[in-house]
Amino acid sequence: MRSVGLVAPQSMHFAEPLPLRSGASLADYTLVYETYGTLNADASNAVLVCHALNASHHVAGEHADQPNSTGWWDNLVGPGKPLDTERFFVIGVNNPGSCFGSTGPMHLNPATGQPYGADFPVVTVEDWVDAQARLISRLGIQQLAAVVGGSLGGMQALAWTLRHTDRVRHCVAVATAPNLSAQNIAFNEVARRAIVTDPDFHGGHFYAHGVIPKRGLRVARMIGHITYLSDDSMEAKFGRELREAELGYSTQDIEFQIESYLRYQGDKFSEYFDANTYLLITRALDYFDPARAHGDDLTAAFKVARDKKFLVVSFTTDWRFSPARSREIVKALVDNKVEVSYAEIDAPHGHDAFLLEDPRYHGVMRAYFDRIL
Amino acid sequence: MSERKDLEVIAQLVPQGSRVLDLGCGTGELLAYLQNTRGCTGYGVELADENVLACAQRGVNVIQLNLEEGLQLFEDRSFDVVLQLETLQHLRNTENMLRETARVGRIGIVSFPNFAHWVNRMAILRGRMPVTRALPYEWYDTPNIRVGTYKDFEVLARKNGLEVIDSFGLQSGEVIRRWPNLRASVAVFKFERT
């Protein structure tokens with residue numbers, strides 16, 4: 001399958017402060033984004049792709065002179081792919097608070113002249129969606145043909161239909177949930193404690209000390225990674241396989257292949273991800289709960305999205321964002337007589353399945369997008 | 001083309017502009033027909049991946065669910081019509097499904113192979129299980145785990161407090177109203193909760 005090829009990120013500066021749900025505001029910020037395909041004459045073919053925890057605006061294609069820089073959803077987005085860039089104008093935006101270019105904790109706080117660090121305001125899914133809406137406006141797009149996302153990105157896609165309901169026609173929400181369960185918040189809290197208790201964290205102002213709380217980031221990534229995989233896929237990939245032929249009778253050496261894999265993932269992550277961003281993004285996940293303002297009635301929350309059309313997708317082995325949670329979304333939509341299709345894909349890969357290329361999953365995505373324009 | 005005729009006969013039972021839930025909707029052919037010719041809206045429910053895909057390609061709203069798990073996704077009386085065509089015979093919990101159908105819809109329409117069709121009776125008389133167009137499987141590989149007759153359904157409907165508004169047989173696309181239990185390979189019932 002062809003790729004969109006070489007792409008270059010662009011950035012857009014916003015002088016007008018962005019009011020945030022917390023009551024604070026983000027002054028003087030920049031959003032980094034990429035686009036693929038061509039916006040048509042009446043600007044009716046735009047699709048926004050929302051990213052999850054550790055991804056960015058770089059959805060598809062490659063960056064020049066950077067090996068292994070393929071975008072995170074390149075298998076879905078491109079010419080002839082399910083989200084076909086020959087028909088759609090696809091936009092990826094890096095959310096504020098992230099560490100991939102848009103204004104985030106490592107940037108200078110205009111109020112102090114120092115990096116924000118822990119002082120970066122707490123941002124929510126709704127705040128991100130508002131920031132994206134401003135960028136979409138500046139690109140000359142009044143209404144998106146669709147907004148699509150998986151996991152935390154799926155929450156943003158849902159939030160679009162609730163907050164900017166006149167500005168989107170279709171919502172594609174993959175492997176997501178109407179809010180996080182207690183167990184899910186618990187995993188996030190373990191990850192945050194790992195970071196915050198790292199002696200190199202310095203209360204979030206580690207930049208000034210010239211250190212990075214890598215130990216905390218590693219552990220945070222390890223716990224996250226476990227929850228993104230299914231028991232079966234871990235068993236199939238690693239089982240009880242040892243690195244050496246025999247047990248080493250050590251307590252601290254890497255003996256099992258799964259240990260080696262998790263440490264490798266943790267090391268890699270700690271090299272590129274920002275600790276404050278991890279705290280911010282997991283908090284945004286915890287806070288998302290559109291039913292809360294409606295007495296925990298999700299059906300009431302989706303009332304405003306009545307004339308939107310939805311595709312909801314879940315994966316049977318995803319225990320972090322289980323099919324039961326997606327069905328809650330579907331039920332709220334059905335209760336409101338909203339046009340919705342729901343696919344429950346029997347894939348073995350756990351939560352990570354949303355990033356992989358499964359013919360049943362991509363088949364349904366393609367069929368849905370094919371009928372949008 | 002009796003299948004197409006069957007579809008048209010069933011479609012005529014669905015009031016214009018109804019909100020429809022089609023349980024076991026297959027490739028979404030009937031729902032698409034109802035949307036296009038009778039101004040209906042609603043959803044299909046399917047379990048098979050290939051059918052879910054076919055519905056999505058056709059532009060029919062489809063919800064992938066296992067009917068054996070019930071219809072918790074749908075509120076009481078939230079549909080004008082709930083269709084259950086050639087589906088009932090595949091379900092383990094047939095009676096519960098029928099009750100769920102009656103709970104969710106104002107009107108229920110079911111169809112299933114009529115085991116008392118004379119052709120089947122002849123096969124049994126000869127000492128063999130029938131293999132016909134309506135029951136095309138051998139006894140050892142059939143997905144039809146519930147075999148019942150036109151008359152059996154009348155009894156089940158009564159037991160569950162369902163009032164049959166209309167019922168007939170279908171044979172090669174023709175509506176059979178005289179001795180349907182003997183003359184028709186497919187039974188069709190339209191009912192509501194009393």
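Further up the page is the structure itself.
Now for a quick tour of the structure.

How each quantity is defined
- Residues numbered from 1 in each chain as written.
- Chains lettered and ligands numbered in written order.
- Predicted model: local features only at pLDDT ≥ 70, side-chain atom pairs only at ≥ 80, totals over all residues.
- Heavy atoms only, no water.
- Axes fitted to C-alpha atoms, helices over the stretch in contact; angles between N-to-C directions.
- Helix = DSSP H or I, 4+ residues; strand = E, 2+ residues; numbered from the N terminus.
- Parallel < 35°, antiparallel > 145°, perpendicular 65-115°, else oblique.
- Left-handed = near helix turned anticlockwise from the far one by under 90°.
- Contact = heavy atoms within 4.5 Å.
- Nonpolar A, V, L, I, M, F, W, Y, C, P; charged D, E, K, R; others polar.
- Phe/Tyr/Trp six-rings, centres within 6.5 Å; stacked < 30°, edge-to-face > 60°.
- Buried < 20%, exposed > 50% of the residue type's maximum accessible area, 1.4 Å probe, protein only.
- Lys NZ or Arg CZ within 6 Å of the ring centre and 35° of its normal.
- Buried area = accessible area lost by both parts, 1.4 Å probe.
- Salt bridge = Lys/Arg side-chain N within 4 Å of Asp/Glu carboxyl O.
- Polar contact = N/O pair within 3.5 Å; in protein donor to acceptor, adjacent residues only side chain to side chain.

### Side note on the packing of helix α4 (residues 214-228) of chain A against helix α6 (residues 257-272) of chain A
All names here are of chain A.
Move 1: α6 packs onto α4 with a crossing angle of 125° between their chain directions and a minimal axis gap of 8 Å. With respect to α6, the element α4 is oriented oblique. Our pair here, α4 against α6, has a crossing hand that is right-handed. Across the interface between the two elements, Lys214, Leu217, Arg218, Arg221, Met222, His225 and Ile226 of α4 pack against Tyr261, Leu262, Arg263, Gln265, Gly266, Asp267, Phe269, Ser270 and Glu271 of α6.
Move 2: Of the residues in the contact of α4 with α6, the class split is six nonpolar, four polar and six charged.

### Comments concerning the packing of aromatic side chains
Move 1: Following the criterion strictly, the structure yields 26 aromatic pairs over all chains and no others.
Move 2: Each ring, one from Phe100(A) and one from Tyr272(A), has its centre 6.1 Å from the other, and the planes form 35°; the classification is tilted. Of this pair, Phe100(A) sits in the loop between β8 (89-93) and α1 (125-138) while Tyr272(A) sits in helix α6, and the two are 172 residues apart along the sequence.
Move 3: Residue classification places Phe100(A) among the partly exposed residues on the basis of a relative accessible area of 25%.
Move 4: Judged by relative accessible area, Tyr272(A) falls into the partly exposed class, the value being 36%.
Move 5: Pairing Tyr150(B) with Phe189(B) gives two aromatic rings, centres 4.8 Å apart and planes at 45°, and the pair type is tilted. Placement of Tyr150(B) in helix α6 (residues 150-159) and of Phe189(B) in strand β8 (residues 186-193) is noted, with a sequence separation of 39 residues between them.
Move 6: Assessed through its relative accessible area of 0%, Phe189(B) is described here as buried.
Move 7: In this structure, Arg178(B) packs its charged tip against the face of Trp179(B), placed 4.9 Å from the ring centre.

### Digging into the packing of helix α3 (residues 182-196) of chain A against α4(A)
Residues and elements named next belong to chain A.
Move 1: For the pair α3 and α4, interaxial distance at closest approach is 7 Å and the crossing angle is 165°. Taken together, the axes of α3 and α4 lie roughly antiparallel to each other. As for the relative orientation of α3 and α4, their crossing is right-handed in sense. Where α3 abuts α4, its residues Phe187, Val190, Ala191, Ala194 and Ile195 lie against Gly216, Leu217, Val219, Ala220, Ile223 and Thr227.
Move 2: The residue makeup of the contact of α3 with α4, split by class, is nine nonpolar, two polar and no charged.

### So, the interface of chain A and chain B
Move 1: Tallying the contact residues gives 20 residues for chain A and 21 residues for chain B.
Move 2: Taking both sides of the interface into account, the surface hidden between chain A and chain B amounts to around 1600 Å²; carbon and sulfur atoms contribute 55%.
Move 3: Area buried by chain A at its contact with chain B is led by Lys331(A), Val334(A) and Arg371(A), which between them contribute 27% of it.
Move 4: Arg360(A) is the partner of Asp49(B) in a salt bridge, and the nearest nitrogen-oxygen pair spans 3.8 Å.
Move 5: The interface formed by chain A and chain B contains nine residue pairs in polar contact (both at pLDDT 80 or more).
Move 6: The set of elements that each furnish at least two residues to the side of chain A that touches chain B consists of α9 (323-335), β12 (339-345) and α10 (359-370) of chain A.

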